[in-house]
Structure formats: C-alpha cells, structure tokens
Amino acid sequence: MKINEFLQEHLLYLDGGMGTLLQAQGLGPGELPERWNLSRPEVITEIHRAYYDAGSHIVNTNTFGANILKFTPEELDEIIRAAVENAREAIRTSSGSQPKWVALDIGPTGRMLKPYGDFDFEDAVACFAETVKLGVKYGADLIMIETMNDSYETKAALLAAKENSDLPVFVSNAYGEDGKLMTGASPAAMVAMLEGMGADAVGVNCSLGPKALAGVVEEYLAYASVPVILKPNAGLPRVENGRTVYDVPPEEFAADVSELIRRGVRIAGGCCGTTPAYIAALTAASAGIAPVEIVPKNITCVSSYTHAVIFGDAPILIGERINPTGKKRFKEALRAHDMEYILNEGVAQEEKGVHILDVNVGLPEIDEVEMLRSAVCELQAIINLPLQIDTSDPVAMEAALRRYNGKAMINSVSGKQESMDVIFPLAKKYGGLIVALTLDENGIPADAEGRAAIARRILAEAEKYGIAKKDIIFDPLAMTISADNSAAKETMRAVRMIRQELGCHTSLGVSNVSFGLPARDMINSTFFALTLGGGLSAAIMNPYSAEMMKTYHTYCALAGLDENCAGYIAFADTLPQPAAPTAPAAENKASAKSEDFSSALQRTIIKGLRDQAGEAAAQMLENKDALQIVQEEIIPALNTVGEGFEKKTVYLPQLLMSAEAAKAAFEVIKSRTASGKTADKCAFVIATVKGDIHDIGKNIVKLILENYGFAVTDLGRDVPPERVVEEVVRLHAPIAGLSALMTTTVPAMEETIQLLRRDAPWCRIVVGGAVLTKEYADAIGADKYARDAMEAVRYAEEIDRGLQ
C-alpha cells in the first residue's frame, strides 16, 4: 500500500531520536554520525529495528546531515546507499507486523541563505537535490525534510525534493518558545507556502516537548488541509550523573502526544531524547484513538517570511506604487537599476498600512526577468509584507516565484487559453494566489453575467491542474465611467455575483474607474466604498491617497471590523498633519525621513536600507563628529531594533538587515575620518564547536556584536577545543562564545569549556544553540546561556562594563 493511501484512514507513527542513542553506543564528540552507516551498520540497523518493533511505520535514514557541504560526492553516495540498506535490513528483521516505510531524512545545511548569509538560494536547492537524487537511486519510499528553522531554506529543500523525485514529501519545522521559526515565520505562513508547493504532510518537530508545542500544533490544525505531523522532544535536556537526560518520561510523553492526536494530529513520533520506549508507549496510548478526518480548510491567503494574510471579512489593501505606469521617476529608476528607489517605495507603503505590495517592474527596454527577480529578493529582505508579483512575462514570473520566500499573489491569469496554459503550471509548482482577470479572447464582457461566465471557465480549467478555487481571486475589472456611465455599476454587480454565486474572493484596481476625469480621488474613494459594501475582498490602491485611506478606515469601523475603532482613531490622529505626497519622501534617497525617526540615518538603519545608510552617514559627517554619530545615531537605532527583537515585534531577518545597514554606516565613517570606527569594546572569541558545521547562530551573534563595538574573532565552525583555548589565551579575551546545533556535538562544547577553565580561567563563556537550555548550559559549566543574539550582546556589554 502506498503511504498516502494508508494515511487517509490510519494514524502514522514515526521513529524517535537517533543522536542520543548513538552517543550511548560510543559516538565521540565531533564524530559525524552519518559515517556510522558505513563503519557501524549493525548499530544503525539495530536502532531502526527497535523503532519498527516499537510500532513505527516510518524510520528516518541516518542521513540528517548528509549533504555535499559535509561529504565528498563519492562518500555521500556511499553513506546514503548504506543508510537506506540499513533501514531495509531493519524492516526485514523486525518483529512488527505493521506496514513499514523508509524515509530519506534531510536536515538543514547549517548555512544561512542570502541576503542574511552567504549561501545562495539556488546553491541550497542544488545541495539538497544531490541528497534527494541519491535517496531516490537507492530506494527510499518518501522524503522527510525536518528540523528546518528558516522558511527560505525549507522552500529550497522542498523544491529540490519535488524537482528531483516523485516521492511523497513530509516537511517539519522547528519552532521556538514564541511559536515562530528562527527567521520569524508563523505556522500559518508555513502551511500556506508548503501546501501551495505540494507538501504531502506538514508539521513540527524538535525544539520543545509536546505540551510546549501544543499551541503551534493547534495553529497547524486550524490552517492545514493535509496531514499534520508532530515529532516533539522528550521535553528539555539536563545533565544527570554526566549523562544527558530529558525531563518528560515515556508515559507522560505518550499521553501528551495522544491528546494532540485526538485533536487532529495524524502523523506522530519523537525527536531529541526519545527512544523506542517512547514510541512503544505512544503506540499503546493512542491505539484506540480514531483518526480525525482531514478536511479542506478553504482558506484564501498569501504569506511572507513572517506571516499569512487571510482574505475574509476585513478588506485587504494592496499597494500599487511599485509600478512604472504613469510614473516618470520610477521608469528612470528602473533604467538605472536604482533598487533603492524601489525599496523606498515599498517601505513608504508599508508605513502607510498596506497589507500586500504589488511589484511590477515591466519596461520594454530593461531585462525584466533579472529586474523582477532582484526586486523581489531585495524587497523581501527588508519588508515582511507579502508580495503580489505583477508581470505578463511568464519567464519573469517564474524567476520571481522561485525566489519568493512565501506564498505570493500571482498577477495575473485571464480566461484566454494561452494565459491559463502558462500560469496554472507555475502556480501548481510554486504555489500562489492567482489573480484571475475576467476577460478572454473576445475581450472584457460589458455585463456582469459575461464576466462571471469567464470566471466559471477559469475555475474549471484550474481544477484540471488540481488548483482549488480558494487559490483564485477574481478581478472583475473596473472600467472608466468617462467612456461608459454604466461601467461602475456592472463591475459592482460582478463583484457581488462572483462572491455570492461562485464563493470566490475579488480584487479590483480601483483607480481605473476614474481614468480621464478630474478630481479622481473623489470618484475612486466613493467607488471603493460601494464595492466594499458589495463584498470586495481586496483593492489595488494608492495608500498615499488620504481619501482612499479615509474610506478604508471608515468602512472597517462601520462594518464592525475595527475593534474599539482603534484603527480609525489612530488614522484620524494623523489627519491634521500635512497631506502625504504622491510619491515617497525619498526622491533624494539619503534624505528620506519620517517623523517617527529622529534622523534619516536612524530610519535607514531601522528599516535595513544598507546603501542609504551609508549615504545618510556621509551627509551627517558634514555637520557632526564621527563619535557623536556612532553614539547618538547608530547605537540608538540598533538598540531600537534590538529591543523590538527582544519583545518579538521585530524578527531575525529585520535584525540582520539593520545590522548590515549599521555596518554600512560604520564603513563610511571609517573611510572618511582619520580614526574611523574601530572596536572600542573588549575581545570576544566565537566558534561553532568541533563536529558541528552549523554556523547560522554564530554568524548572527558575530554580526550584532561587531555593530556594538566588540572586537570579535570568529574561528569558524567545526573548531577543536584546543584552537578555541589557543586564541582566547593569545588575546587574553575576557569572553568566549560557543555554538552547537546538534545533541551529538554538545559533548565537544563541554570539552571546550573544561579546557578553557583550565587554561584561561579569567574567560567568561557564553553558549547557545537549538539543543541547549539554561539548565543544560549550567550543567556543562558555561557562565551564560543566551537564547538569542541580543541576549549574548547584553551579557557581553555587562562584562565589558565590568572591565572599565
């Protein structure tokens, strides 16, 4: 029986942890567990067999870190061949009678993708593709992508799996205590993206125990129309008599997971700290639970790297200003490849309160494919709004969709067969909410009935591709009333008809209705109000129009969509201010300024605008001392972002882009002053411990520390304990930072700490990583456990102040 068929009627049990079991069998600090597929196959096979005997339907191959970044192509081939063979041997010798499958296990690369790191998206896809192709070659039954804490890397892995196999693909992400991925994505955002791309099951693993992950699981169950996975840790780790143990025993674990199975989890197992005893307890505790039916949620949404925007009762505003039509300055920016102008348009619209940004960069004389790809990548680096990708060029559309970090709006398809033949395959591959124009080979029908008929044909064609109507939003096309005084009336009828008869959402380019008329805002805002009352779901509009924003906020208040009229009141408070300009206040890029910021430099740092930060710093140097700029502008801006990160109102990518902007400002100051910006705080030695190649967390901490003035020496990843000690002694560094992602490399961290205590007793040691807790850090002898980069910075500042 195929696994997806089995899932329709049954619960599916996964295996549990691998790393801690290998450590118990003698895996040494820094030793790569994947090599045991070749050197100790009997141990790997026995662990797999124990899970099958305990009731697992699926075991993951011992390939969590098996990729071409860590192994040569030849060794990688041998490792994956042996890994699949070991699991197959376990099936052959298992006493369990349940159906059994082998999953190719794929974990994160340990590299952060651009623009936050140095690993290109396509390089990540290629890296995962090599592992996938070998898994297919040697007979894996499905692919398990797990423990991903970055939405973009998750997309790269899923894309590689779908492009290089026809196997079922399960995807599981690792969430923090705040219920979000390290890079900020909510469960709803991940469901939107992964379901759109065709993942067969989605869910959560690692990080925390089952009780702590219950909120994340509930959100998955609310949004997912595919089976939901739960593979939690056995609680939190601690050291007991020199051994790593976890605080949730098998029976409690089984009871907690079983409760979540009752609520709808369909696929369950364990992660760090769990053993075959945990799986046996789980299968026994949940044996009598009937699987909850998996039903389509029919949620129309898009997503960014942080959140989903859901189309429902409240209208959605789509900012229209990133579009060259009728905009001379924007056309000049496109010809000059002036990306800063485009970014300013995006930031300014975000500040005005739009929910989605339309992105159109089409000009005949430019390379639209490259420009659209670049615009999407640059915008999503500094803005967390979902994007509507707007182009008539299918090559440019695919280039942008491929690099988009989320589920985009696809603008657009029409009722023309050639349009549907091109756009629907792209939407099926990459996911997306398709904007469907109610026109066909015969043009735009004059009446609402004709437009609704085209909408029906589009829905029927989309169904052939497996695209549900929840993923299509119709634009019934606003026509100018200057040419036809019944045009607005028919568009409004079409909005109501599509919503009521077809059950689909609608979007309009509102301003088209007033083309050719004076005082267009008067007509646009009134038409907007009428269409909202008729059920319009979204509008592509100019957020700089005070009249349009008045209509929006007034409608939401009157329709009961604005609790306590909070949005209306906040907007009304802005009305006495001068009218907003019709283009961003950033024609002079370096002088861009908002009243929410004390200076242009602070704004560019807080918004993560790297190039403009350098320009703003250069301007400020004409009137201000370099040290003053650092102390009064740059550090306060970094503190603003850092405090937002600590309060969970700012996410990691924003923190990193702000740090890059501050770095750009520092570089300008350094190049234009005699002394320049030098480290004015103490030395800080940082490393990822021996055996661990995951350096994302370390690199983040390094970047933030450098911006706060610390003299950071980065020793890299997979660093032997002796090398860390050598550098700390050489610099007489008062602080050392150690990072580890995997349970199998924590012993190397402990060994490093012991050597530092012996040879550099003055040095304070701060540790971090996904597998650590404060209790665990205390037990291995660290001075400080830092949950994130800002906590490490705050601790380092305390140490530095004590040295003065």
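Residues numbered from 1 in each chain as written. Predicted model: local features only at pLDDT ≥ 70, side-chain atom pairs only at ≥ 80, totals over all residues. Heavy atoms only, no water.

**Topic: the pattern of salt bridges**
Throughout the structure, instances matching the rule amount to 51 salt bridges. With its nearest N and O atoms 2.5 Å apart, the salt bridge here joins arginine 373 to glutamate 370. Of this pair, arginine 373 and glutamate 370 both sit in helix 14 (residues 368-382), three residues apart, which is roughly one turn of the helix. Residue lysine 550 is joined to glutamate 547 by a salt bridge in which the shortest nitrogen-to-oxygen separation is 3.2 Å. Separated by three residues within a single helix, lysine 550 and glutamate 547 lie in helix 20 (residues 546-558), roughly one turn from each other. A single network of salt bridges, built from pairs that share partners, joins Asp120, Glu122, Glu163, Arg402, Arg403 and Lys429. (Salt bridge = Lys/Arg side-chain N within 4 Å of Asp/Glu carboxyl O. Helix = DSSP H or I, 4+ residues; strand = E, 2+ residues; numbered from the N terminus.)

**Some thoughts on the confidence of the model for the protein**
Detailed reading of the predicted coordinates is not advisable wherever pLDDT falls low. In this model, the protein carries an average pLDDT of 93, and 97% of its residues clear a pLDDT of 70 or more. In the model, residues 580-595 has pLDDT below 50 throughout and makes 38 contacts with residues more than four positions away in sequence or in other chains. (pLDDT = per-residue confidence, 0-100. Contact = heavy atoms within 4.5 Å.)

**Considering helix 7 (residues 151-164)**
Taking 1.5 Å as the rise per residue, helix 7 with 14 residues should run 20 Å; its terminal C-alpha atoms sit 20 Å apart, in good agreement. Most of helix 7 sits out of view: 11 of its 14 residues are buried. Listing the buried residues of helix 7 in full gives Ser151, Tyr152, Glu153, Thr154, Lys155, Ala156, Ala157, Leu158, Leu159, Ala160 and Ala161. Capping of helix 7 at its N-terminal end is provided by aspartate 150; its side-chain oxygen lies 3.2 Å from the backbone amide nitrogen of tyrosine 152. (Expected span 1.5 Å × (residues − 1). Buried < 20%, exposed > 50% of the residue type's maximum accessible area, 1.4 Å probe, protein only. Polar contact = N/O pair within 3.5 Å; in protein donor to acceptor, adjacent residues only side chain to side chain.)

**Structural notes on the packing of aromatic side chains**
Summed over all chains, the structure comprises six aromatic pairs. Between phenylalanine 253 and tyrosine 278, the ring centres sit 5.3 Å apart and the planes meet at 85°, which makes this aromatic pair edge-to-face. Of the two residues, phenylalanine 253 is situated in helix 10 (residues 250-262) and tyrosine 278 in helix 11 (residues 276-285); the sequence distance between them amounts to 25 residues. When the ring centre of tryptophan 36 is taken as origin, the NZ or CZ atom of arginine 40, which lies over that ring, is 4.6 Å away. Over the ring of phenylalanine 645 we find lysine 648; its NZ or CZ atom is 5.6 Å from the centre of that ring. (Phe/Tyr/Trp six-rings, centres within 6.5 Å; stacked < 30°, edge-to-face > 60°. Lys NZ or Arg CZ within 6 Å of the ring centre and 35° of its normal.)

**Examining the side chain of serine 165**
Along the chain, the position of serine 165 falls in the loop between helix 7 and strand 5 (169-173). On the accessibility criterion, serine 165 (16% relative accessible area) is buried. One polar contact links the side chain of serine 165 to the main-chain carbonyl oxygen of alanine 161, over a distance of 2.9 Å.

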